[in-house]
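# Working through the structure, step by step
Letter by letter, the chains look like this.
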Amino acid sequence: MLKELLTVGQFPELSLSPQTVGERLATLFKTYGLLFLALFLVAPLIVLADHFVVHTLHAKTISNAGRDGMKHFFQKMGYWRAVVYIALIGPLLEEVVFRLPLSLKKRHIALACSVAVFLFTGAIFHNLTQIKGLNLALQLSTCVLIYTAGMLFVPAGLSISDHRFRKQLIILSMCLFGLMHIGNYIPIQWPLIWIYPIYVLPQLLMGWAITFIRFKNGFWWGYALHCIINCVSLLLTAGRM
């Protein structure tokens, strides 16, 4: 299985091998085990990076910004709403944006683009007018327009299995997913932006593992792995909330 994980360009062929539900579950938990080990190995790199930032560059700690951001999110949303979002809703939105369109099917690409607009333009539409309902209606209308444009203009008949740039597309998806989480460390110290990818190494590895499961077992299995990862992370950090 480790060989399969490392051959990113062959991910689209993984779905061709029939598997029972038991085999899919075994693959899911084996992948999570390997991911957990990888996260354990990269954790010291993040500690060293933060030590370098504070004691060599004489800048503010970046790790604390991540923890403070999480505390603020829980305070803003309320504990249980934050838990539901992190454990279930957030993973679904992110999977639709980053993993679903890897099929290259027209409707998947259109849906991913529309959900991406909804996910990443909240701050813009939130302050557009003083009427919250109108802001939401404008945001949703924009999402519908993006979906419609995707259905009209994305070519039909595309397939990741025979696409000449399939390896590059898969790697791009994994990298964008990981780098998106730099936003967890707001306020970002822009002169140090070059070191932030080290802090999102866990998310980059997550993207790799979830993408593998997405192709090996199917989209909803990738979503399940994402939920498991977030739930375990919540349990491990619950005492600091």
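Above this text you will find the structure in question.
We now turn to the structure provided with this report. (Residues numbered from 1 in each chain as written. Predicted model: local features only at pLDDT ≥ 70, side-chain atom pairs only at ≥ 80, totals over all residues. Heavy atoms only, no water.)

## Structural notes on the side chain of E95
- Secondary-structure assignment places E95 in helix 4 (residues 79-98).
- In this structure E95 touches L100, I210, F219, G222, Y223 and H226, once residues within four positions along its chain are discounted. (Helix = DSSP H or I, 4+ residues; strand = E, 2+ residues; numbered from the N terminus. Contact = heavy atoms within 4.5 Å.)

## Concerning the pattern of salt bridges
- Scanning the entire structure with this criterion turns up three salt bridges.
- K216 is paired through a salt bridge with E4; the nearest N and O atoms lie 3.2 Å apart. Of this pair, K216 sits in helix 10 (residues 201-216) while E4 sits in helix 1 (residues 2-6), and the two are 212 residues apart along the sequence.
- Looking at E4, the relative accessible area reads 28%, which means it is partly exposed.
- Across the pair R99 and E95 runs a salt bridge whose closest N-O atoms are separated by 2.7 Å. Residues R99 and E95 agree in their burial class; the two are buried. (Salt bridge = Lys/Arg side-chain N within 4 Å of Asp/Glu carboxyl O. Buried < 20%, exposed > 50% of the residue type's maximum accessible area, 1.4 Å probe, protein only.)

## Points about helix 5 (residues 106-120)
- Between its first and last C-alpha, helix 5 extends 21 Å over 15 residues, near the 21 Å set by a 1.5 Å rise per residue.
- Among the residues of helix 5, those classed as buried are H108, I109, A110, A112, S114, V115, A116 and V117. (Expected span 1.5 Å × (residues − 1).)

## With respect to the packing of aromatic side chains
- Counted according to the given criterion, the structure contains 13 aromatic pairs.
- Taken together, a centroid distance of 5.1 Å and an interplanar angle of 80 degrees make the contact between F219 and W220 edge-to-face.
- The class of W220 is exposed, set by a relative accessible area of 57%.
- Within the aromatic cluster, the residues linked to one another by ring pairs are F73, F74, Y79, W80 and Y85.
- Stacked on the ring of F177, the Lys or Arg R99 has its end atom at 4.3 Å from the ring centre.
- It is R214 that lies over the ring of F215; its NZ or CZ is 5.5 Å from the centre. (Phe/Tyr/Trp six-rings, centres within 6.5 Å; stacked < 30°, edge-to-face > 60°. Lys NZ or Arg CZ within 6 Å of the ring centre and 35° of its normal.)

## Considering helix 8 (residues 166-180)
- The end-to-end C-alpha distance of helix 8 is 21 Å, a good match for the 21 Å that 15 residues give at a rise of 1.5 Å each.
- When we look at burial in helix 8, the residues that qualify are R166, I170, S173, M174, F177 and G178. End-on, the buried residues of helix 8 take up no more than an arc of 125 degrees, which puts them together on one face.
- Looking at the packing, one finds that the buried side of helix 8 touches helix 4, helix 10 and helix 11 (219-237). (Arc of directions from axis to C-beta.)

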